[in-house]
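# Secondary and tertiary structure notes
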Amino acid sequence: PSKDGSFSWPREAAAKATQLRRIADEDAKFRMLLRGYNSEGKPSREPIMRKIVDAMDLTGRWYRGLIVNVESDAKSSGHNGSNGREDADAPKDASFRENTHVRIHFNDHHENHEEWIEVKSDRLAVAGRFTSNAYLASDTDGDAATETKSILPGSKKKDSNDSMSNDLSSHNAVCLFPSYGACGLINLGNTCYANSGWQCLSYMPLLRFYLLSGQYKISGDINRDNPLGTGGKILEEFADLMRVMWSGKFGARAPQRFRSVLTKCRPRYSGANQQDVPELLTDILDMLHEDANRVKKKPYVEALEDKFIEKTDLQRIGQEAWRRYLRRNRSVITDLCMGQLFNLVTCPECNHSSKNFDPFNVLSLPLPTVDEVIFRCLVVRRATTLNCPNTLLQVGGSSKRRPKSLNQLSPPSKELIFEEYAIPTSRLADLGDLKMKLQQLSGIPAKRLRLCKKEEIETGIGEKHSMTCLYTKVACLPDKEGPLLRLVNHTSSDDASSPTIATVVAFEATLQPRPETENSLHSNDKHAAETDNASTDDDTSSDTSSTQTTAGDDTDADWKFIEKMGEECLNVFGDENECVTFDTNPVPLAKYVSHYLWPKEAKDFVVGLRVDAIDRRNNWYPGSVVDLVEEETEEGGETVTKVKVHFDNFSAKWDEVYAIGNSRIRPLYSHATPRAKPTEFVVHHRSMEHKTKKFFLFGQSFYLQCHNEWSTARAGAHILAQASRFLELSHFKKSENGKKLTSVERKIAEKERDEARKTIAIIIEALIQSDKRYIVAAVESGKQARQSGRQPHFD
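Now for a quick tour of the structure. (Residues numbered from 1 in each chain as written. Predicted model: local features only at pLDDT ≥ 70, side-chain atom pairs only at ≥ 80, totals over all residues. Heavy atoms only, no water.)

## Looking at a nonpolar patch on the surface
Taken together, Leu314, Phe342 and Leu344 make up a surface patch of nonpolar side chains, about 260 Å² in accessible area. Position of Leu344 relative to the elements: it lies in strand β10 (residues 339-346). (Patch = residues over 30% accessible without salt bridge, like charges linked within 9 Å, V, L, I, M, F, W, Y side chains within 5 Å. Areas by Shrake-Rupley, 256 points an atom, 1.4 Å probe, with all protein chains shown as cover. Salt bridge = Lys/Arg side-chain N within 4 Å of Asp/Glu carboxyl O. Helix = DSSP H or I, 4+ residues; strand = E, 2+ residues; numbered from the N terminus.)

Structure below.
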């Protein structure tokens, strides 16, 4: 039922109901017509003689049949049995005689198969209901499209009914149960290989038509005197087997007769041993060919002369070899199933080559024998002072060091940026298997590898081999189970025995955390134990009427721990190793700053402050204050300041507005858990075409990770440091347009690249130091405010 209470039919149920109603109406009309009535219940003038129907014989099989005679009974018209009541459907005409029985001639290739069947019996049905006639040219109403000249078998009297009978045996009617051609072959011991071969031959349309139609008899193709054949036995028996399989009468059949004849002609198939199917097919086709060979007396045919082969082109040699072969071999198999193989044999000593064409009837195609896939993996390491010394060693004013010659380095090496490996794996290898093999080869932990598939796109800008003519797009492969081969772009060799080659790019994670000291590890364990043993109820107890808030109502132990961890992190943040060797986790600093800058009054909240807030489902999430909202209370008309918080990684529609005086908003990470997974994105190289003034992407794009609590300045420094990998390679031989550089041009290009590296190093240093000065200033402002008891003010 639908929402408004009405009943609606599903599409499948409605279609099924319509079909059943149509069948019922068709059956009712058919029964009335057999009795001699039309659809209105009146005597019908439509004759039922020569009408084609479906009929079941006494064995329970359905055949296409023809009504050849009708029996009527006057007693059945006008009264219904002995009760004396008049039948409503009976006609008033006293001369009308209702049909009670019909004589059916069955089309089952037997001459005198006829039976009387009562018109009310379920053994009669509409033509086509239980049988199918692929070659029937008549309409469903029973009118024959062609008049045959022959009389029905068994007819002795040519009366008005029988003279109009049609011979249905010419229509090749077949049964739908089983459907046409769907006949299985029963296994006779260990003959499954033979059954599959015979089924393949039976589904060759032209060969099947040749055998089923008996054309080999009509055209006289049977060659019983051929000493290379079987005297026509295999041809005739295989034709009989095909007729059984395609008669439509059997769902499965045991090919005992054909196998018996085959084993007499080829004794090696008489046992129960498993044989090769191509061998069997070759033998069967050879025997069929010799039994149907139209060349009764084979003439002697000389082989091609060597001089003719040396002077003639290959195509002409093949035509002449085939012409000479047909002089001794002409059959339906030659027309349908035979070809030539070209053989070239060269002597290793005299280098003489022999060309020859050999006929074949079965061509074996090789299947892949190598079940391995070779992954061509390009490993891209993160930028460090080891592989990018020309840029990153200049950060902080350090002296510049030239890298070692690339010829002296071999993978795996931390001084290389790009490494390429060829890794053979199974076709069913998944992402984890490939990562573990890369870990063993490169030394990079598997959890720090990000596998991607790449697609090279021509930009159409610049000349061939230039830097801007190609753009390499990467897409991350999902971490899910299943074969990795179906997820990546791969190419297969023409040689079936050659393995498939797939290309993968593996990016090393760009974040390198600082190693924790023993003091920090001991402090973390101690604080965790104190937190577990503490029994506080800060989350539920708060004074909602007060406008005063503390730094999240933290305990002294919590605050001391936050202060200690923040100081330790601040001491190392921004040193000479920052961004070039290690990447400091900013979570302790973010908590440190948020607690120091936490306002004491509602009016002192500032936009941009990082906070924890609880949503409508009572779940804590980190976020930022994005707006201050002033609302008037309904009671006294006083103005109350509220804050609007935007949650991290959520859209703006989930933003919440909070009153300051409750416990639903707290300092950062006092209740929420920091997100362990860093933010990840793809970085592209972009340039502008001077003529069109339009931007375009070029070069190798790459994956990069950033900590969630990083400022824009710190994230920008990290991006520039990782992008410096593409400025590191020296000794250029070609310019951007692909032309070869002279020694002077190479010096100029190297000088320009040195200036770019120096500029990037200066920008990285400036971004890191500015970010550190911001954090130090925020912490100092908070400390002074706490000491003086005033509200911390920091912009």
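Let us keep going from here.
## Observations concerning a negative patch on the surface
On the surface, Glu302, Glu305, Asp306 and Glu310 cluster together into a negatively charged patch. Of note, Glu305 is situated in the loop between α7 (277-291) and α8 (306-311). (Lys, Arg positive; Asp, Glu negative; His and termini not counted. Charge placed at Lys NZ, Arg CZ, Asp CG, Glu CD.)

## Comments concerning the sheet that holds strand β18 (residues 610-614)
Strand pairing in a sheet relies on backbone hydrogen bonds, with the paired strands running either antiparallel or parallel. Taken in spatial order, the five strands line up as β21-β20-β19-β18-β22 in an open sheet, and their pairing is antiparallel. Edge positions in the sheet fall to β21 (656-659) and β22 (665-667), since each of these pairs with one other strand and no more. Strand after strand, the sheet turns through a mean of 50 degrees between neighbouring axes, direction not considered. Pairing between strand β20 (residues 639-647) and β21: four bridges, direction antiparallel. By the bridge assignment for β21, Lys644 is matched with Val657. (Pairing = 2+ DSSP bridges. Axes fitted to C-alpha atoms, helices over the stretch in contact; angles between N-to-C directions.)

## Digging into helix α3 (residues 205-212)
Each turn of an α-helix holds 3.6 residues, which means side chains three or four residues apart point in the same direction. Within α3, the full set of buried residues consists of Leu207, Arg208, Tyr210 and Leu211. Along the axis of α3, the buried positions cluster into a sector of 160 degrees, meaning they face one direction only. Away from its buried face, by an angle of more than 90 degrees, α3 presents the exposed residues Pro205, Leu206 and Phe209. The secondary structure elements touched by the buried residues of α3 are α2 (192-202), α4 (215-218), α5 (233-245) and α10 (332-337). (Buried < 20%, exposed > 50% of the residue type's maximum accessible area, 1.4 Å probe, protein only. Arc of directions from axis to C-beta. Contact = heavy atoms within 4.5 Å.)

## Overview of unusual backbone geometry
Residues apart from glycine generally show negative phi values, whereas peptide bonds are mostly found in trans. One non-glycine residue, Arg50, lies in the positive phi region at around 70 degrees. With respect to the helices and strands, Arg50 occurs in the loop between α1 (11-35) and β1 (52-56). In this model, Asn618 sits at a positive phi of 60 degrees, which is unusual for a non-glycine residue. With respect to the secondary-structure elements, Asn618 resides in the loop between β18 and β19 (620-632).

## Comments concerning the pattern of salt bridges
A complete count under the given rule lists 31 salt bridges for this structure. For Arg103, the salt bridge identified is with Glu114, shortest N-O distance 2.8 Å. Placement of Arg103 in strand β3 (residues 98-106) and of Glu114 in strand β4 (residues 114-118) is noted, with a sequence separation of eleven residues between them. Judged by its relative accessible area of 24%, Arg103 is partly exposed. In this structure, Glu420 and Arg376 form a salt bridge, with 2.5 Å as the shortest nitrogen-oxygen distance.

## Examining the packing of aromatic side chains
Counted by the stated rule, this structure contains 14 aromatic pairs. For the ring pair Trp62 and Phe130, a centre distance of 4.2 Å and an interplane angle of 20 degrees mean the geometry is stacked. Of this pair, Trp62 sits in strand β2 (residues 62-73) while Phe130 is found in the loop between β5 (124-125) and β6 (131-132), placing the two residues 68 residues apart along the sequence. Note on Trp322 and Tyr325: the rings are 5.5 Å apart at their centroids and 25 degrees apart in plane angle, and the pair reads as stacked. Taken together, the residues Trp322 and Tyr325, both in helix α9 (residues 314-326) and three residues apart, mark about one turn of the helix. Through a chain of ring-to-ring contacts, the aromatic side chains of Trp198, Phe238 and Phe258 assemble into a single cluster. Taking the ring centre of Phe695 as reference, the NZ or CZ of Arg686 above it sits at 4.0 Å. (Phe/Tyr/Trp six-rings, centres within 6.5 Å; stacked < 30°, edge-to-face > 60°. Lys NZ or Arg CZ within 6 Å of the ring centre and 35° of its normal.)

## Quick look at the sheet that holds β3
Read from one edge of the open sheet, five strands run β4-β3-β2-β1-β5, paired in antiparallel fashion. Pairing within the sheet leaves two strands with one partner each, and these edge strands are β4 and β5. Here β1 runs beside β5; their pairing, made up of two bridges, is antiparallel. The residue of β5 that forms the bridge with Asp54 is Ala125.

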